[in-house]
Amino acid sequence: MKHYITPEEHARMQRRRGRQALGLLVAILVIVGFVTVLRAGVGAVANLFDDTAQKQEYEDKLEGLVLFDPMPFDGIENIDDLTLREAAVWGCIYSIQETQGGFDNYNTDPDTEQLLLPSLDVDAYLAKLLGPGFKLTHRSFEMEDMTIEFDDATQCYKIPVTGTVGYYRAVVTKLFKRSGKLHVTVGYIPTASTDDSIINVSSDTPTKYMDYLFERQSGSWYLTGLTESETKAESTESTPAANVPEPMAESDVQDAILAAAGSDSASAEADSTAADEGVDTQAEEQPADSTEAQADESTASPAA
């Protein structure tokens with residue numbers, strides 16, 4: 001028997017299928033939206049704890065100081081004057097290289113071809129590191145192997161053409177706050193070998209760590225001190241202690257000496273005995289040879 005669908009039933013089926021399709025679409029959109037929100041939340045949390053950009057910022061700020069390995073200090077007024085001047089000039093130079101990629105926008109001395117570094121650039125570099133209230137009196141100064149001349153007429157430092165300057169390069173490993181101060185833990189990576197014969201740019205292993213202390217002023221953090229870090233460099237010993245032979249006890253040393261002396265004495269006695277036996281053997285062989293000679297002579301006489 002044939003079954004006929006009335007127009008009303010057909011319309012109800014179409015409406016039901018439409019609601020099902022719409023429900024499926026809504027469910028898919030809800031799932032996609034949930035996944036999107038979840039991923040966005042995870043990304044936001046990851047960005048919240050990702051301090052890579054901050055570490056790089058402080059590396060750029062502290063590069064000049066780390067180059068010359070300053071002694072610990074409490075208060076920027078207590079930092080060594082020469083170290084501060086070296087850090088100001090060379091830190092500014094490194095900053096220009098990082099941000100501008102070179103010195104195409106800077107003039108050079110027509111006679112010596114030395115780079116002319118404006119004091120205003122040095123002041124700007126120090127303002128980011130020490131705060132806008134710090135003022136450096138610009139003048140010439142002597143470094144270990146060169147002179148940095150300051151020209152009052154042009155208000156520029158004359159920078160000699162040179163290779164690598166300084167002893168270390170910086171790598172910021174940790175940022176944390178304690179007692180209202182921001183601690184920036186910096187690893188010191190040597191720029192040259194221990195005998196200064198070759199440049200060691202491939203090494204990424206810090207040989208020591210220092211904490212640079214920053215205090216908040218007018219909404220920004222500025223350097224106020226330097227102290228030893230709780231982070232310590234890994235041991236650089238190449239030979240494990242287990243492979244190093246232990247020293248012999250004194251009694252063992254004496255026994256070894258006596259044993260060696262006894263062995264030498266025994267060898268000497270053996271050699272002496274062997275020599276005596278050799279002499280006796282020769283003495284015993286001599287008569288036999290003489291008798292044989294006499295016998296030969298007596299045999300030969302009748303024939304004559």
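Here's a quick rundown of the structure.

Procedures and definitions
Residues numbered from 1 in each chain as written. Predicted model: local features only at pLDDT ≥ 70, side-chain atom pairs only at ≥ 80, totals over all residues. Heavy atoms only, no water. Salt bridge = Lys/Arg side-chain N within 4 Å of Asp/Glu carboxyl O. Helix = DSSP H or I, 4+ residues; strand = E, 2+ residues; numbered from the N terminus. Buried < 20%, exposed > 50% of the residue type's maximum accessible area, 1.4 Å probe, protein only. Pairing = 2+ DSSP bridges. Contact = heavy atoms within 4.5 Å. Axes fitted to C-alpha atoms, helices over the stretch in contact; angles between N-to-C directions. Polar contact = N/O pair within 3.5 Å; in protein donor to acceptor, adjacent residues only side chain to side chain. Parallel < 35°, antiparallel > 145°, perpendicular 65-115°, else oblique. Left-handed = near helix turned anticlockwise from the far one by under 90°.

What follows is about the pattern of salt bridges. Tallied over the entire structure, the rule returns nine salt bridges. The salt bridge partner of Asp81 is Arg85, with a shortest N-O separation of 3.0 Å. Residue Asp81 and its partner Arg85 are located together in helix α3 (residues 81–100), separated by four residues, close to a single helical turn. Of the residues examined, Asp81 reaches a relative accessible area of 35% and is grouped as partly exposed. For the salt bridge of Asp81 with Arg139, the shortest nitrogen-to-oxygen distance reads 2.9 Å. Of the two residues, Asp81 sits in helix α3 while Arg139 sits in the loop between α4 (119–130) and β3 (141–142), which places them 58 residues apart along the sequence. A single salt-bridge network, built from bridges that share partners, covers Asp81, Arg85 and Arg139.

On to the pairing of strand β8 (residues 208–217), then. Of the strand pairs in this sheet, strand β7 (residues 181–190) and β8 are connected by seven bridges, and their pairing is antiparallel. Within β8, the position partnered with Val184 by the bridge is Tyr212. Examined bridge by bridge, β8 and strand β9 (residues 220–228) share eight bridges and lie antiparallel to one another. In the strand pairing of β9, Arg216 is matched with Trp221.

A few words on the sheet that holds strand β5 (residues 156–159). In spatial order, the strands read β2-β5-β4-β3; together these four strands make up an open sheet with antiparallel pairing. Of all strands in the sheet, those with a lone pairing partner are β2 (115–118) and β3, marking the two edges. Across the sheet, α4 is in contact with β2, β4 (147–151) and β5; its angle to β2 comes to roughly 55 degrees.

Take the side chain of His183 next. As for its position among the elements, His183 is in strand β7. Reaching out from His183, the side chain makes a polar contact with the side chain of Asp211 at a distance of 3.4 Å. Dropping the residues within four chain positions of it, His183 is found in contact with Lys174, Leu175, Phe176, Arg178, Asp211, Tyr212 and Leu213.

Time to look at the packing of helix α2 (residues 52–67) against α3. Put simply, α2 and α3 touch, their axes get as near as 7 Å, and they point 135 degrees apart. Between α2 and α3, the crossing angle belongs to the class labelled oblique. Remark: the crossing between α2 and α3 carries right-handed chirality. On the side of α2, the interface is formed by Glu63, Gly64, Leu65 and Leu67, while α3 contributes Thr83, Ala87, Trp90, Gly91 and Tyr94.

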